[in-house]
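Survey of secondary and tertiary structure
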Amino acid sequence: QARECAMTKPRVVSGMRPTGRLHLGHLAGALRNWAALQDRYDCFFLLADYHILTTRLENLEEIEQNVRDIVLDYLSVGIDPQRSTIFLQSAVPQIAELTLIFTMLVTVPRPKLRKCFNSASALGLPMRSQMFRRASGPTRYMPAGKPICL
């Protein structure tokens, strides 16, 4: 669904992994800022459920409830679905498609140049694919500004 602001405002894409309940740190560190960004940017806020597969396999049964809880938290702080897009990462098949393509095109030495992936354990396919999923966001959503490594 296209919104009118998509043509007039720069775009912001950000999100959180649904690993559990949000806390005051989320409110102070991100959510208040996200709510304020809606007036100046075309905002896309995602629930990064694919990212859990690289680090949190022990509690996969909790993801569905965590997603519901986090969406309610997003709404409770003023993130407005009429002004922003809230989406579940796994519901966008193009993210997985771009991740697959990136994993085939980028050699192992290339991710080693990234500060975020400087340990030997971080170079396995799960962590490399997480980097490529992050890269597929700017490719797909064309956000304003420079992506950061989280």
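Further up the page is the structure itself.
Since this is a predicted model, take the numbers as computed values, not measurements.

Describing the pattern of salt bridges
- Considering all chains together, one arrives at 5 salt bridges under this definition.
- Across the pair D69 and R21 runs a salt bridge whose closest N-O atoms are separated by 3.9 Å. Here R21 lies in the loop between β1 (11-16) and α1 (24-37) and D69 lies in helix α3 (residues 63-76), a separation of 48 residues in the sequence.
- In this structure D69 comes out as buried when scored by relative accessible area, which is 14%.
- The exposure class assigned to R21 is exposed, which follows from its relative accessible area of 56%.
- A salt bridge links D39 to R83, with the nearest nitrogen and oxygen atoms 2.4 Å apart.

A word on the packing of aromatic side chains
- Scanning the entire structure with this criterion turns up 2 aromatic pairs.
- Aromatic pair W34 and F45: ring centres 4.7 Å apart, planes at 15 degrees, arrangement stacked. Placement of W34 in helix α1 and of F45 in strand β2 (residues 42-47) is noted, with a sequence separation of 11 residues between them. With respect to burial, W34 and F45 carry one shared label: buried.
- Seen from their ring centres, W34 and Y74 are 5.4 Å apart, and the 80 degrees between their planes marks the pair as edge-to-face. Here the residue W34 occupies a position in helix α1, and Y74 occupies one in helix α3, the gap between them amounting to 40 residues.
- When its relative accessible area of 6% is taken as the criterion, W34 is described as buried.

Points about α1
- With 14 residues, α1 should reach 20 Å at 1.5 Å per residue; the first-to-last C-alpha distance of 19 Å fits that figure.
- The largest bend along α1 reaches roughly 40 degrees and is located at A30.
- Buried residues along α1 sit against β1, β2 and α3.

Definitions and limits used
- Residues numbered from 1 in each chain as written.
- Predicted model: local features only at pLDDT ≥ 70, side-chain atom pairs only at ≥ 80, totals over all residues.
- Heavy atoms only, no water.
- Salt bridge = Lys/Arg side-chain N within 4 Å of Asp/Glu carboxyl O.
- Helix = DSSP H or I, 4+ residues; strand = E, 2+ residues; numbered from the N terminus.
- Buried < 20%, exposed > 50% of the residue type's maximum accessible area, 1.4 Å probe, protein only.
- Phe/Tyr/Trp six-rings, centres within 6.5 Å; stacked < 30°, edge-to-face > 60°.
- Expected span 1.5 Å × (residues − 1).
- Bend = angle between axes of the 7 residues up to and from the residue.
- Contact = heavy atoms within 4.5 Å.

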